[in-house]
Amino acid sequence: MDENKKNSKFGLIGYPLKHSLSPYIHEKLMSEHNIKGEYFNCEILPDEFEEKIKGILSSYTGFNVTIPFKEKIIKYLFNLSKEAKEFGSVNTVFHNGGYSTDLQGFRRCEIPLKNKKILLVGGGGVARVMLGEAILKGCKSIGIHTRRKEQAENLIKEFTQKNLLIPIFYEQSLTENDASSKQYDVILNATPVGMWPKCEMLKIDKNIISNAEYVFDSIYNPIATRLILTSRSLGVNAQTGLRMLIEQAIEAQKIWNPNINFNPTIGDSLENKLKRKILKLFPMKIVLTGFMGSGKTTIGKHLSQTLKLPLIDLDIMIEEESKMSVNLLFQEKGEKYFRDSERKCLKNVMERSESLILSTGGGTLLDLQNVEVVRKNCGFIVLLDIDIFTVFDRVSKDNTRPLIVGKSKEEITNLYNKRISTYNAIADLKIDAKKDYPLITQEIINAFDLGLPIL
Ligand code: S3P
């Protein structure tokens, strides 16, 4: 081992860095390849960048750069790789040289770009890489949407000067009434919207998504964002940012350690380890909903066993708390009492700081306050969708459900019709729940990108 390498100091600069997975990934890459040294997170407040960057350049062997410094770093570097220069974005620094390994990471994701109409959401460092690559690959056109119009306009001006063939324009709105007429083939999210802990949905009309053939979200925590789940529910191919994250890290290590032979399958094994790590570091809840008889309890059990995540059944929790069956609760204390207890239990579960599976009762998420609690705590609502005939098949002989016992088919149908549009409106992921349970479980696991083996 080269003596100098003993104390190699690598790291990541950016702000904020609390949720960064880079130290974990780089430590794994380094230990796997016997690279001596350490990798630190170095959070720098945006105001302190100028003051601190020179010290970092002289004390680190190599480092990564993330939000909001990918563009700002450039003027402190002596030489830039061709793409870093062309795209105006640097995420890896070595010996005062700047590189964009985000580009290789993005390339490895093999997103269809050639001849495609692209919608790019975001205008920061990663957006620059996606924009540059889309142009290089010969896309048909690019619409850019940013919150601040000026940011997109500057990008458009800069990249139009470099390429006169591909039209680049500002996409004013992704949510207006005319959204259904907007036709993009590929949607690229380069913003942090959707990231843990907020886990919000990117503000984009579902029609724009369903008109597309491919969606890429650069976010990896949670592994699958609401944008990814919505796209998959609409039958649109969607890829998360996890692979890009891993590949850009491997490429950075290759730059810093040019003499090391990197294991070609390291990306796959890292991906599996990272999924488990992400579930642990960024707790999320898979929340099952659907009409009575849709299989929430059974599928909850399957999911929990397969993913090795805890399972909470809300009805059982309520029964344990009140020491009474749901049926008795309805009879003796009334529905309002039950709903209050349900709301309390839901809040309690959602605020737990661990990833888990939650089977709710068929009525829990009809209360939009409850939906808010789920959303606020990185809960993803999975609708187990069944038709009314399957409901009859599954629950007609049931005498444990107070809302079914003694009711005619017509009354049950009315209740079903009253609920179904709310279920559809709140679902992040909709699954056809008429199939066999193992198939449904697998579909959910695939949609969340939690495919096995993940231990
Ligand atoms: C209810 C559904 C039940 C249970 C309660 C109320 C409902 O759960 O929470 O009887 O309002 O739909 P299942 O959907 O698991 O039967």
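Our structure's up above, just so we're on the same page.
Residues numbered from 1 in each chain as written. Predicted model: local features only at pLDDT ≥ 70, side-chain atom pairs only at ≥ 80, totals over all residues. Heavy atoms only, no water.

**Quick word on the state of the cysteines**
Put simply, the rule reads: Pairs of cysteine sulfur atoms within 2.5 Å are identified as disulfides in what follows. Under the scheme used here, helices are H or I runs from DSSP no shorter than 4 residues and strands are E runs no shorter than 2 residues, and both carry numbers assigned from the N terminus. Exposure classes here rest on a 1.4 Å probe applied to the protein chains alone. A residue is buried below 20% of its type maximum, exposed above 50%, and partly exposed in between.
Using the criterion set out here, one finds one disulfide in the structure. Here C199 connects covalently by a disulfide to C378, the sulfurs 2.2 Å from one another. Torsion about the S-S bond of the C199 and C378 cystine: about -85°, corresponding to left-handed handedness. With C199 in the loop between strand 10 (186–189) and helix 7 (206–211) and C378 in the loop between helix 15 (368–376) and strand 16 (379–385), this residue pair connects regions lying 179 residues apart in the sequence. Here the two residues C199 and C378 agree in accessibility, since each one is buried. Considering cysteine sulfurs only, C139 is the nearest to C109, which forms no disulfide, with 17 Å between them.

**Details of the sheet that holds strand 8 (residues 141–145)**
Strand pairing within a sheet occurs via backbone hydrogen bonds; the two strands may be parallel or antiparallel. Rules: DSSP bridges decide pairing: two strands pair if at least two such bridges lie between them. Angular values range over 0 to 180 degrees, each being the angle between N-to-C directions of two axes fitted as lines to C-alpha atoms, with helices fitted over their stretch in contact.
In spatial order, the strands read 9-8-7-10-11-12; together these six strands make up an open sheet with parallel pairing. The strands lining the two open edges of the sheet, one partner per strand, are strand 9 (168–170) and strand 12 (237–239). On average, adjacent strands in this sheet sit at an angle of 20° to one another, irrespective of strand direction. The pairing of strand 7 (residues 117–121) with strand 8 spans five bridges and is parallel. Residue K117 lies in a different strand from strand 8, and its bridge partner there is S141.

**Some thoughts on the pattern of salt bridges**
Note the following rule: By convention in these notes, a salt bridge is any Lys or Arg side-chain nitrogen within 4 Å of a carboxyl oxygen on Asp or Glu.
Applying the stated criterion to the full structure yields 31 salt bridges. E335 serves as the salt-bridge partner of R339, at 2.9 Å between the closest nitrogen and oxygen. With R339 and E335 both in helix 14 (residues 335–350) and four residues apart, this pair spans about one turn of that helix. Overall, the relative accessible area of 35% leaves E335 in the partly exposed class. For the salt bridge of K347 with E351, the shortest nitrogen-to-oxygen distance reads 3.2 Å. Exposure remark for K347: the relative accessible area of 41% places this residue in the partly exposed category. Members of the salt-bridge network, linked through shared partners, are R108, R243, E247, E251, K254, D268, E271 and K275.

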